[in-house]
Amino acid sequence: MSDWLDELPPAARTYLEGRRLDEVECIIPDIPGIARGKAVPATKFARQEYFHLPDSIFYQTITGEWGDAAGVDGFIEKDMILRPDISTATAAPWTGDWTLQVIHDAYDRDGNAVGYSPRNVLKRVVELYRAQGWEPVVAPEMEFFLVARNLDPAHEIKPMMGRSGRPAAARQAYSMTAVDEFGPVIDDIYDFAEAQGFEIDGITQEGGAGQLEINLIHGDPVRLADEVFYFKRLIREAALRHDCYATFMAKPIANEPGSAMHIHHSVLDATTGKNIFSDPEGGETEAFYHFIAGMQNHMPDALAVLAPYVNSYRRYVKDHAAPINLEWGRDNRTTGIRVPLSGPASRRVENRLAGMDCNPYLGIAASLACGYLGLMEQKDPKPEFKGDAYDGDGDIPQVLGSALDLFEEATTLHEVLGPEFARVYAIVKRAEYEEFLHVISPWEREHLLMNV
């Protein structure tokens, strides 16, 4: 890999211009979306074609425990071969020296892609589209909160202090004054993103206290998942510079809206480059309706991936800017599936169920998988919903346990995401859920201790 520096993306080359690279962080996203890996001197990275990590990194729960997902060989922690994707090389501009991050892909010792590695899961789904002559396109929206430092989990999470010295205010959606309260943090987010070569389409204040949204330019699903993965880290680092935390929990503060990762989808004909959701006259095609039907029919099975934690389900509350069902509507933010206003070339379908707490690779993969199944099954969706969808009943699982029940039985979805991934994911998430059930909450102590 002696010439690997010549293959760096433009932003990484610019970052290193006139400087000596000190270190390379060799990273891979695990099931929760945490960056795992090793930091090595740049000289060593230049000499290595790959490095090893045990497959057990994909069996860990969010608490650091392990699900019993090792398979027939048992928990022997086999080494995987991790190979760098140099196209992902980007700066780590918050470090004290000149450091690059490089995302790696996981292979077994026979050179086969590891099926439960999240980036490989997304690649698998994208290749299924391409086998049909389609090119999937996504645009994620990232919502998150900037909150005061929280050193004791027993204490409620509070909004951060703004420039004015007052806590961030709620119910100030789209307020520029509210955005200005976080100006120093946002400045660092922009600076870090520029150093890493990422283009931000916009930053807005959302409805929650200290809640912001970043929109990303649409593009290739794997590249966009890489960006969300990187963005989560850079946003956290920017917040820490200003004595606050950035959190991507789905519902960090009671009685405030939750944080979503809305995913916009369109599909192009790989030969013509035309949007298959629009016909030559600019009208909606059968493929457009089939994609929506796939979302309605398969997203309940996929919800355990789109909403992966017990906290995720606290977001699905009426009148709190999150969907409670799988109705679809045009320019209707109360529905789970929204068709935004657009011209024919940019006609798209927005999935509003995915939480910001999901692994971006898995969330995008699961969402695309539902649309893919719809395109293949060619079924019709329910009639368009008109009006306030909060007036209707919910038709999605309300707790993680119910969502896992559906996911574990969804063999059709498993074939798209990969049966080995589905097996490992279900085991890890079930272990995580059962661990949570051992925890007694403050609500239970407050209301049940002396009253039942």
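In short, a report on the structure. (Residues numbered from 1 in each chain as written. Predicted model: local features only at pLDDT ≥ 70, side-chain atom pairs only at ≥ 80, totals over all residues. Heavy atoms only, no water.)

**Side note on empty space enclosed by the protein**
Part 1 of the reasoning: Enumeration over the complete set of coordinates arrives at one cavity of 30 Å³ or more.
Part 2 of the reasoning: Here the largest cavity is characterised by a volume of approximately 50 Å³.
Part 3 of the reasoning: Lining the largest cavity we find Ile31, Pro32, Val305, Pro308, Tyr309, Cys358, Asn359, Leu362, Tyr425 and Lys429.
Part 4 of the reasoning: When grouped by side-chain class, the residues that make up the lining of the largest cavity number eight nonpolar, one polar and one charged. (1 Å grid on protein atoms, 1.4 Å probe; cavity = no way out; pocket = protein on both sides within 12 Å on 5 of 7 lines; lining within 4 Å. Points joined across faces, edges and corners; volume = space filled by probe spheres on them. Nonpolar A, V, L, I, M, F, W, Y, C, P; charged D, E, K, R; others polar.)

**Considering the packing of aromatic side chains**
Part 1 of the reasoning: Inspection of the entire model under this criterion finds 22 aromatic pairs.
Part 2 of the reasoning: For the pair Tyr59 and Tyr116, a centre-to-centre distance of 5.8 Å together with 50° between the ring planes defines the contact as tilted. Highlighted residues: Tyr59 in the loop between strand E3 (51–54) and strand E4 (79–84) and Tyr116 in the loop between strand E6 (99–107) and helix H3 (118–131), separated in sequence by 57 residues. With respect to class, Tyr59 is no different from Tyr116; both count as buried.
Part 3 of the reasoning: A network of ring pairs unites the aromatic residues Phe58, Tyr59, Trp66, Phe75 and Tyr116 as a single cluster. (Phe/Tyr/Trp six-rings, centres within 6.5 Å; stacked < 30°, edge-to-face > 60°. Helix = DSSP H or I, 4+ residues; strand = E, 2+ residues; numbered from the N terminus. Buried < 20%, exposed > 50% of the residue type's maximum accessible area, 1.4 Å probe, protein only.)

**A closer look at H3**
Part 1 of the reasoning: With 14 residues, H3 ought to run about 20 Å at 1.5 Å a step, and its terminal C-alpha atoms sit 20 Å apart, in line with that.
Part 2 of the reasoning: All of the buried residues along H3 are Pro118, Arg119, Asn120, Val121, Leu122, Val125, Val126 and Tyr129.
Part 3 of the reasoning: Phi for Gly133, located one or two positions after H3, is positive at around 85°. (Expected span 1.5 Å × (residues − 1).)

**Describing the environment of Pro252**
Part 1 of the reasoning: Mapped onto the secondary structure, Pro252 falls in the loop between strand E10 (244–247) and strand E11 (263–269).
Part 2 of the reasoning: Taking C-alpha positions, Pro252 is 12 Å from Val310, a pair spaced 58 residues apart along the chain.
Part 3 of the reasoning: In this structure, Pro252 is in contact with Phe145, Ile157 and Thr247, ignoring residues within four places of it in sequence. (Contact = heavy atoms within 4.5 Å.)

**With respect to the packing of helix H7 (residues 286–306) against helix H8 (residues 360–377)**
Part 1 of the reasoning: Between H7 and H8, the least distance of the axes is 6 Å, while the angle of their chain directions is 140°. On the basis of the axis angle, H7 is oblique to H8. In this structure, H7 meets H8 at a crossing whose hand is right-handed. Facing H7, whose interface residues are Ala287, His290, Phe291, Gly294, Met295, His298, Met299, Ala302, Val305 and Leu306, H8 presents Leu362, Gly363, Ala366, Ser367, Cys370, Gly371, Leu373, Gly374, Leu375 and Glu377.
Part 2 of the reasoning: Residue composition of the contact of H7 with H8, grouped by class: twelve nonpolar, seven polar and one charged. (Axes fitted to C-alpha atoms, helices over the stretch in contact; angles between N-to-C directions. Parallel < 35°, antiparallel > 145°, perpendicular 65-115°, else oblique. Left-handed = near helix turned anticlockwise from the far one by under 90°.)

**Observations concerning the side chain of Glu227**
Part 1 of the reasoning: Looking at where Glu227 falls in the secondary structure, it is placed in helix H6 (residues 221–240).
Part 2 of the reasoning: Polar side-chain contacts of Glu227 include one of 2.9 Å to the side chain of Arg223.
Part 3 of the reasoning: Once residues lying within four places of it in the same chain are set aside, the contact partners of Glu227 are Phe198 and Leu216. (Polar contact = N/O pair within 3.5 Å; in protein donor to acceptor, adjacent residues only side chain to side chain.)

**Quick look at unusual backbone geometry**
Part 1 of the reasoning: Its identity is not glycine, yet Asn255 carries a phi of approximately 65°, on the positive side.
Part 2 of the reasoning: Positionally, Asn255 belongs in the loop between E10 and E11.
Part 3 of the reasoning: Positive phi values are uncommon outside glycine, yet Gln378 reaches one of about 55°.
Part 4 of the reasoning: Here Gln378 is to be found in the loop between H8 and helix H9 (400–409).

**Points about H9**
Part 1 of the reasoning: Where H9 is concerned, the buried positions are Leu400, Gly401, Ala403, Leu404 and Phe407. Viewed end-on, H9 has its buried residues packed into an arc of 155°, placing them on one side of the element.
Part 2 of the reasoning: For H9, the secondary structure elements touched by its buried residues are H7, helix H10 (411–417) and helix H11 (419–436). (Arc of directions from axis to C-beta.)

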